[in-house]
Amino acid sequence: MLRNVQLFLIKPSQYDDGYVVQVKIHMFDETVDKIAVKSICRSQRSDYTRTIVCLAGVQTSQFPRAADLARIFLRAGLKVMIGGFHVSGYLSLLSEIPPDIQQLLDEGVTLVKGEVEEAWRDLLCDAVHGRLRPLYDFMSDKPDLYEKPIPVIRKEYLRKFVAPTSARSTNTRGNGRHAN
Ligand code: B12
């Protein structure tokens, strides 16, 4: 008699040169996590691996730290992209590229201005295939978010914050107020 049904839903990957292609995603929020800098640097061990580092949601106060991290990862031969308010806001508001941003462009970091919900796939393809451009500008091409799913946030991550519904950490200084 049947007692148990085991149902496995498996979305297969694809072969490249006979090997199964796998994508592993690792997320860090430095206000509450220690970034595994050394192991990230070592993660591109062979020609068969591509490590892409994305410094995400970088605000102006965080940009110097993002730049330091970007340089460490660049020196390890990794692809590095930076996006967020500092790059998007400053490149929109100023008529010339500010020196701190220009310096990183000169060193080989890819900077991304604007929102990427609809461009993310193409950006990752460019990174994987080694054809990243220095600067991407999606400012005039805003994604339509109405039909997009709400992001799922891992519970273990939210537990690291004082209020589990807000990404404001115990380490963050300031009164948290800003004019939007
Ligand atoms: C929600 C929010 C918060 C939340 C959460 C912040 C967080 N760290 O997630 C809270 C309330 C905690 C907060 C706190 C603060 N905030 Co705030 N916040 C916002 C707000 C309203 C929305 C930000 C957001 O999540 N947008 C949605 C995400 C998806 O958009 P996004 O970050 O721009 O990312 C998109 C693109 O930039 C791009 N992108 C981003 N990263 C990357 C990386 C790569 C590789 C690529 C390809 C693309 C990419 O793709 C994303 C999707 O399209 C903005 C105002 C605004 N309208 O943007 C202010 C804003 C970002 N905050 C601001 C400030 C000043 C702060 C504080 C410093 C205030 C304080 N004194 O404490 C703190 C800093 C906290 C911290 N540690 O980050 C300023 C930043 C100004 C600046 N020059 O950097 C803003 C712009 C408000 C303002 N007008 O003054 N904030």
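Every value quoted in this text rests on a predicted model; they were computed, and no experiment measured them.

A. Structural context of the packing of aromatic side chains. Per the stated rule, a full pass over the model turns up three aromatic pairs. Taken together, a centroid distance of 6.5 Å and an interplanar angle of 40 degrees make the contact between Tyr19 and Tyr48 tilted. With Tyr19 in strand 2 (residues 19-20) and Tyr48 in the loop between helix 1 (37-42) and strand 3 (52-55), this pair connects stretches of sequence that are 29 residues apart. The same class applies to Tyr19 and to Tyr48, which are both exposed. Aromatic pair Tyr136 and Phe138: ring centres 6.1 Å apart, planes at 15 degrees, arrangement stacked. We classify Phe138 as buried; its relative accessible area is 14%.

B. Region of the structure containing the confidence of the model for the protein. Counting all residues, the mean pLDDT for the protein is 89, and 92% of those residues have values of 70 or more. Within the model, the stretch residues 171-180 combines pLDDT values under 50 with seven contacts to residues more than four positions away or in other chains.

C. Expanded view of the nonpolar core. Core analysis: the largest hydrophobic core is formed by 22 residues, its most contacted members being Leu55, Phe73 and Ile82. At the level of secondary structure, the elements contributing two or more residues to this core comprise helix 1, strand 3, helix 2 (63-75), strand 4 (79-82), helix 3 (85-93) and helix 4 (99-107). Looking at this core, the element that brings in the most residues is helix 2, giving six residues. Those residues in contact with Leu55 that sit more than four places away from it in its chain are Ala66, Leu69, Ala70, Val80, Met81, Ile82 and Gly83.

Parameters at a glance
Just so you know, the residues in each chain are numbered from 1, in the order the chain's sequence is written. Thresholds applied to this predicted model are a pLDDT of at least 70 for local features of residues and 80 or more for the giving and counting of side-chain atom pairs; totals over whole chains, interfaces and linings are not thresholded and use all residues. For side-chain calculations, the full set of non-hydrogen atoms in the structure is used, while hydrogens and water are omitted. Aromatic pairing here means that ring centres of Phe, Tyr or Trp (its six-membered ring) are within 6.5 Å. Orientation follows from the plane angle: under 30 degrees is stacked, over 60 is edge-to-face, and everything else is tilted. A run of DSSP states H or I qualifies as a helix once it reaches four residues; a run of E qualifies as a strand once it reaches two. Both are numbered from the N-terminal end. Three exposure classes are used, based on accessible area relative to the maximum for each residue type with a 1.4 Å probe and protein chains only: buried under 20%, partly exposed in between, and exposed over 50%. A residue's pLDDT is the predictor's confidence in that residue, given on a scale from 0 to 100. Contacts are assigned to residue pairs that have any heavy atoms within 4.5 Å of one another. Among the buried residues, those of types Ala, Val, Leu, Ile, Met, Phe, Trp, Tyr and Cys that are joined through side-chain atoms within 4.5 Å form a nonpolar core.

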